[in-house]
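Here is what each chain is made of, one letter per residue.
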Amino acid sequence: MKMLRAKQKVIGMFFVLAVVFLGGIYIGVYERSNSIVSAADGVSTVRIQLDGAVQPSDIDMGQFWQAYKLLNQNFVQVHASSTFPTKEKQIYGAIAGLASSFGDPYTVFFPPSDAKIFQDDIAGSFGGVGMEVDNNADGNLVVVAPLKNSPSEKAGILSGDFVLQIGSTTTDGLSVNDAVKLIRGPKGTAVALTVVHKGDAKPIVISVVRDTINIPIIKSYKRDDGVFVIELYSFSENSADLFRDALRQFVQSGSSKLLFDVRGNPGGYLESAVTMASYFLPVGDVIVTEDFKGKQSNTVHRSAGYNVFARNPNFKMAILADQGSASASEILAGALQQHGVAKIVGTRTFGKGSVQELMDLGGGAELKVTIARWLTPNGSSISDGGLQPNIKADRTVADFKAGIDPQKDTALKYLLGN
């Protein structure tokens, strides 16, 4: 797979509709045998044509076609409400089953209706409740992060919440994509979510009113104690420029102590994370490596070497992170932590360290395939448990309700030397 023209690589989550966790999406144009490049909404994908529909010599498809024939000849509908599947639907079901056989939650098939939803999500403004959900290692549906000032956050949804039911539908065995379809809906309507807060035993029902979701990006300010704070909510296409402006404000403020908050930040554009890391690292320092595990040569992303704080002996930086910090957040935080630029304060990060490529199969259907994993500068896989903090600090449900922030207090204590 040879990259001809790199565009944006979206990693982690763009706060998509209600929200589905995108993981690391490879968005670009690639050269393939008999491929037709197509683009929609600024997102380039790959339309793959079969090489004359020639069956690979090492695969016997006899059982599949025998099953296809037997089903179509013998199946009898016993429920009046059911309909016999079209040939197209049968083929889509077969492709979906093939994708699921790889056992990777991020390798999925999108029939045309789901593919359109996915493309709309990437566009960045959508109707929903403004939260990111994913399946944890046990297959449970969990809230990675509610979007800042979103309906879900205002209603009391927290990072780490387990979602047990969506309306009257249990999430047991429910895929993330199907969960999103249930959560999303017209603006002004409500969805009832049965959740269990982290550390609690009793589930509660939270009603969230859907709204149009617009993704916030950044907030920066100087505290009375002299610490400058940058809160980054997502890695959007222009977040690197906004981050540069915030750093300029930091320098102009006269402060030398920077608190960088990526809690609840699920990721976004890889290029933004690489650019941001370059403001703190010498030229050539490794930021992250895309490891294709032998399928192709690894890609190493290195610092452009802006390194604007190298001559400031008083510069001190802390990064606030939690289990809602994923993908691009983990890449940036991991690079700065492992190069000794900053200390991570908080809890371990989410651990979303895989890369997906979105491929157009034609007819509006798409296939999202995991093609690589992210490695931090020291060679660790982000997927293996995320990043561990240098300074551990938790924030409980009771802390959220009381409006206190022990994690931020711990980071400030470190920065101020108390």
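From a predicted model like this one, the values you see are computed outputs, not experimental measurements. (Residues numbered from 1 in each chain as written. Predicted model: local features only at pLDDT ≥ 70, side-chain atom pairs only at ≥ 80, totals over all residues. Heavy atoms only, no water.)

Student: Give a description of the overall build of the protein that names residues and reports values.
Tutor: In terms of helices and strands, the protein carries 10 helices and 24 strands. By residue count, 48% of the 418 residues in the protein fall in the buried class. A separation threshold of at least 6 residues defines the contact pool for the protein, and within that pool the share at least 24 residues apart is 65%. Of the accessible surface of the protein, which amounts to about 19,400 Å², a share of 52% is contributed by carbon and sulfur atoms. (Helix = DSSP H or I, 4+ residues; strand = E, 2+ residues; numbered from the N terminus. Buried < 20%, exposed > 50% of the residue type's maximum accessible area, 1.4 Å probe, protein only. Contact = heavy atoms within 4.5 Å. Areas by Shrake-Rupley, 256 points an atom, 1.4 Å probe, with all protein chains shown as cover.)

Student: Can you lay out the sheet that holds strand β15 (residues 228-232) for me, pointing to particular residues and giving the numbers?
Tutor: Pairing within the open sheet is mixed, and its six strands lie in the order β14-β15-β16-β20-β21-β24. Of all strands in the sheet, those bounded by a partner on one side alone are β14 (218-222) and β24 (391-392). With four bridges connecting them, strand β20 (residues 316-321) and strand β21 (residues 343-346) associate as parallel partners. Across the sheet, residue Ala-321 finds its bridge partner in β21, namely Gly-346. (Pairing = 2+ DSSP bridges.)

Student: An account of the environment of Thr-275 is requested, with residue identities and associated values reported.
Tutor: Its location among the elements puts Thr-275 in helix α7 (residues 270-278). Its relative accessible area of 26% is what places Thr-275 among the partly exposed residues. Between the C-alpha atoms of Thr-275 and Ala-240, which are 35 residues apart in sequence, the distance is 6.4 Å.

Student: Which residues make up the nonpolar core, and what are the values?
Tutor: Core analysis: the largest hydrophobic core is formed by 50 residues, its most contacted members being Leu-258, Phe-260, Phe-280, Met-317, Ile-319 and Leu-336. Excluding residues within four positions of it along the chain, Leu-336 makes contact with Ala-277, Phe-280, Leu-281, Met-317, Ile-319, Val-341 and Ala-342. Among the nonpolar cores identified, the runner-up in size contains 18 residues, and Val-143, Ala-179, Val-191 and Leu-193 belong to it. (Core = buried A, V, L, I, M, F, W, Y, C linked by side-chain atoms within 4.5 Å.)

Student: Tell me what's going on with the environment of Leu-416, and back it up with residues and numbers.
Tutor: Within the secondary structure, Leu-416 sits in helix α10 (residues 406-416). In this structure Leu-416 comes out as partly exposed when scored by relative accessible area, which is 30%. Remark: the alpha-carbon pair of Leu-416 and Val-227, spanning 189 residues in sequence, is separated by 8.0 Å. If we skip the residues at most four places from it in the chain, Leu-416 touches Asp-225, Val-227 and Lys-257.

Student: With reference to specific residues and values, describe the confidence of the model for the protein.
Tutor: Residues at a pLDDT of 70 or more form 85% of the protein, whose mean pLDDT is 84. A low-confidence stretch, residues 1-7 (pLDDT under 50), is modelled with 20 contacts involving residues beyond four sequence positions or located in other chains. Within the model, the stretch residues 13-52 combines pLDDT values under 50 with 166 contacts to residues more than four positions away or in other chains. (pLDDT = per-residue confidence, 0-100.)

Student: Please set out the side chain of Asp-405 residue by residue, giving values where relevant.
Tutor: Considering the arrangement of structural elements, one finds Asp-405 in the loop between α9 (397-402) and α10. In terms of polar contacts, Asp-405 uses its side chain to reach the side chain of Arg-263, at 2.9 Å. When sequence neighbours within four positions are dropped, the list of residues in contact with Asp-405 reads Arg-263 and Arg-395. (Polar contact = N/O pair within 3.5 Å; in protein donor to acceptor, adjacent residues only side chain to side chain.)

Student: Now, about unusual backbone geometry: what can you tell me, with residues and values included?
Tutor: Phi is positive for Lys-293, close to 50°, though the residue is something other than glycine. Residue position: Lys-293 is located in the loop between β18 (286-291) and β19 (299-302). Overall, Lys-293 belongs to the exposed group, its relative accessible area being 63%. Phi is positive for Ser-327, which is not a glycine, with a value near 50°. Position of Ser-327 among the secondary structure elements: in the loop between β20 and α8 (328-338).

Student: Give a detailed account of helix α6 (residues 239-253), specifying residues and quantitative values.
Tutor: Each α-helix turn comprises 3.6 residues. Residues three or four places apart therefore point the same way. Taking 1.5 Å per residue, 15 residues should reach 21 Å; α6 reaches 21 Å between its end C-alpha atoms and fits that length. Every buried residue of α6 is listed here: Ser-239, Ala-240, Phe-243, Ala-246, Leu-247 and Phe-250. Across the axial projection of α6, the buried residues extend over an arc of 115°, all falling on one side. Structurally, α6 contributes buried residues whose contacts are with β14, β15, β16 (257-261) and α7. Immediately beyond the C-terminal end of α6, within one or two residues, lies Gly-254, with a positive phi of roughly 85°. (Expected span 1.5 Å × (residues − 1). Arc of directions from axis to C-beta.)

Student: Run through the packing of aromatic side chains, naming residues and quoting values.
Tutor: The geometry of two aromatic rings is summed up by the distance between their centres and the angle between their planes. Under the criterion given, the structure shown has 14 aromatic pairs. On the numbers, 6.4 Å between centres and 50° between planes, the contact of Phe-243 with Tyr-279 is tilted. Taken together, the residues Phe-243 in helix α6 and Tyr-279 in the loop between α7 and β18 connect sequence positions 36 residues apart. Both residues of the pair, Phe-243 and Tyr-279, count as buried. Both rings, one in Phe-280 and one in Phe-315, keep their centres 6.1 Å apart while their planes meet at 25°; by these two values the pair is stacked. In this pair, Phe-280 sits in the loop between α7 and β18 while Phe-315 sits in the loop between β19 and β20, placing the two residues 35 residues apart along the sequence. Cluster of aromatic residues (ring-pair linked, three or more members): Phe-228, Phe-243, Phe-250, Phe-260, Tyr-279, Phe-280, Tyr-306, Phe-309 and Phe-315. Above the face of the Tyr-414 ring, Lys-316 is positioned so that its terminal group lies 4.4 Å from the ring centre. (Phe/Tyr/Trp six-rings, centres within 6.5 Å; stacked < 30°, edge-to-face > 60°. Lys NZ or Arg CZ within 6 Å of the ring centre and 35° of its normal.)

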